[in-house]
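Analysis of the macromolecular model
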Amino acid sequence: MDIFTVGIGDAFSTRHWGTSFLVRHNDFVLAVDSPDAYLRALHEHAWPHKGRPFTPDHIDAFFLTHLHGDHVNGLEMLLAWRSVVTQKLLDIYTTPPVAEKLWDQRLAASLGTIWDGHTHHTKTLADYANLHIIDWNLPTHIGPLTLTTRQTIHHLPTAALRIQADHKTWAYSCDTAYDPELIEWLSSADLIFHETNFGPAHTPIEALEALPEPIRQKLVVVHIPDTLQPTPKLQIGIQGKTYTL
């Protein structure tokens, strides 16, 4: 299983793309989140896939963790690109509270009406994507991957993930206040990506530095502010890097 870091930045970063990932196993690619300028980020990295640079058409499925802009803004153009260029529906997986608001409160304003050169047509999410709603804490098979979610402590409903393939597991905290119970839930994974940022709804770097060494050894820090300084106790994520399990 390959985990490619499309971005490692937070919502305000001017140095990094917003935190998002491509997870690949047996040539199946699951995208996790799509921040601002997502198509540009994919193009800039030119991640090799099946012998050529990765394109938005190579995404087999998409998982959306929550509805903050730095995780969802790029979905609008991803859906529009696939609709116009390849006419290929996107399989979107997400949790019930995200699914409830995704179209009406996020995408309908920009994608709900289309001009065909002669008249306007009303569109729905079904014209762009197949929506799959995942229950919290229940394993879900997405291609060759098994994905399990857990709700985090954040401003709005947000999903942490564990993704398993061939007895290897990658885990991602997503946006969360520091939560020892979430750390325990993530700790069984072979590789853990955990956020850090400012404010009560995020995890301070000092809390991650204080974790037991066996956890820190397999921890990669993402969703970082531009001001974050290197720390000898933790591995900071590298944008554009492929981590392989």
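Residues numbered from 1 in each chain as written. Predicted model: local features only at pLDDT ≥ 70, side-chain atom pairs only at ≥ 80, totals over all residues. Heavy atoms only, no water.

This part covers the sheet that holds strand E6 (residues 61–64). Pairing is mixed across the open sheet formed by seven strands, whose spatial order is E10-E7-E6-E3-E2-E1-E18. Both edges of this open sheet fall to strand E10 (129–133) and strand E18 (242–244), since each of them pairs with a single strand only. Going across the sheet, the axis of each strand differs from the next one's by a mean of 25°, ignoring polarity. Note: strand E1 (residues 2–7) against strand E2 (residues 20–25), five bridges, orientation antiparallel. (Pairing = 2+ DSSP bridges. Helix = DSSP H or I, 4+ residues; strand = E, 2+ residues; numbered from the N terminus. Axes fitted to C-alpha atoms, helices over the stretch in contact; angles between N-to-C directions.)

Scanning the entire structure with this criterion turns up nine aromatic pairs. Between Phe4 and Trp47 the ring centres are 5.0 Å apart and the planes differ by 25°, which places this aromatic pair in the stacked class. Here Phe4 is found in strand E1, whereas its partner Trp47 is found in the loop between helix H1 (38–45) and strand E4 (48–49), with 43 residues between them in sequence. Both residues of the pair, Phe4 and Trp47, belong to the buried class. Considering the side-chain rings of Phe21 and Trp170, the 5.2 Å spacing of their centres and the 70° angle between planes classify their relative orientation as edge-to-face. Placement of Phe21 in strand E2 and of Trp170 in strand E14 (residues 168–172) is noted, with a sequence separation of 149 residues between them. Residues Phe21 and Trp170 agree in their burial class; the two are buried. Through successive ring pairs, a cluster of aromatic residues spans Phe21, Trp170, Tyr172, Phe193 and Tyr243. (Phe/Tyr/Trp six-rings, centres within 6.5 Å; stacked < 30°, edge-to-face > 60°. Buried < 20%, exposed > 50% of the residue type's maximum accessible area, 1.4 Å probe, protein only.)

The next thing to look at is the environment of Met77. By secondary structure assignment, the location of Met77 is in helix H2 (residues 69–86). Placed 39 residues apart in sequence, Met77 and Tyr38 show a C-alpha to C-alpha distance of 8.1 Å.

Moving on: the sheet that holds strand E15 (residues 191–195). Pairing in this open sheet of seven strands is mixed, and the strands run E11-E12-E13-E14-E15-E16-E17 from one edge to the other. Each of the sheet's edge strands pairs with one partner strand only, and the pair in question is strand E11 (140–142) and strand E17 (235–236). Note that strand E12 (residues 145–151) and strand E13 (residues 159–165) share six bridges and pair antiparallel. Residue pairing across strands places Thr148 opposite Arg162, the latter belonging to E13.

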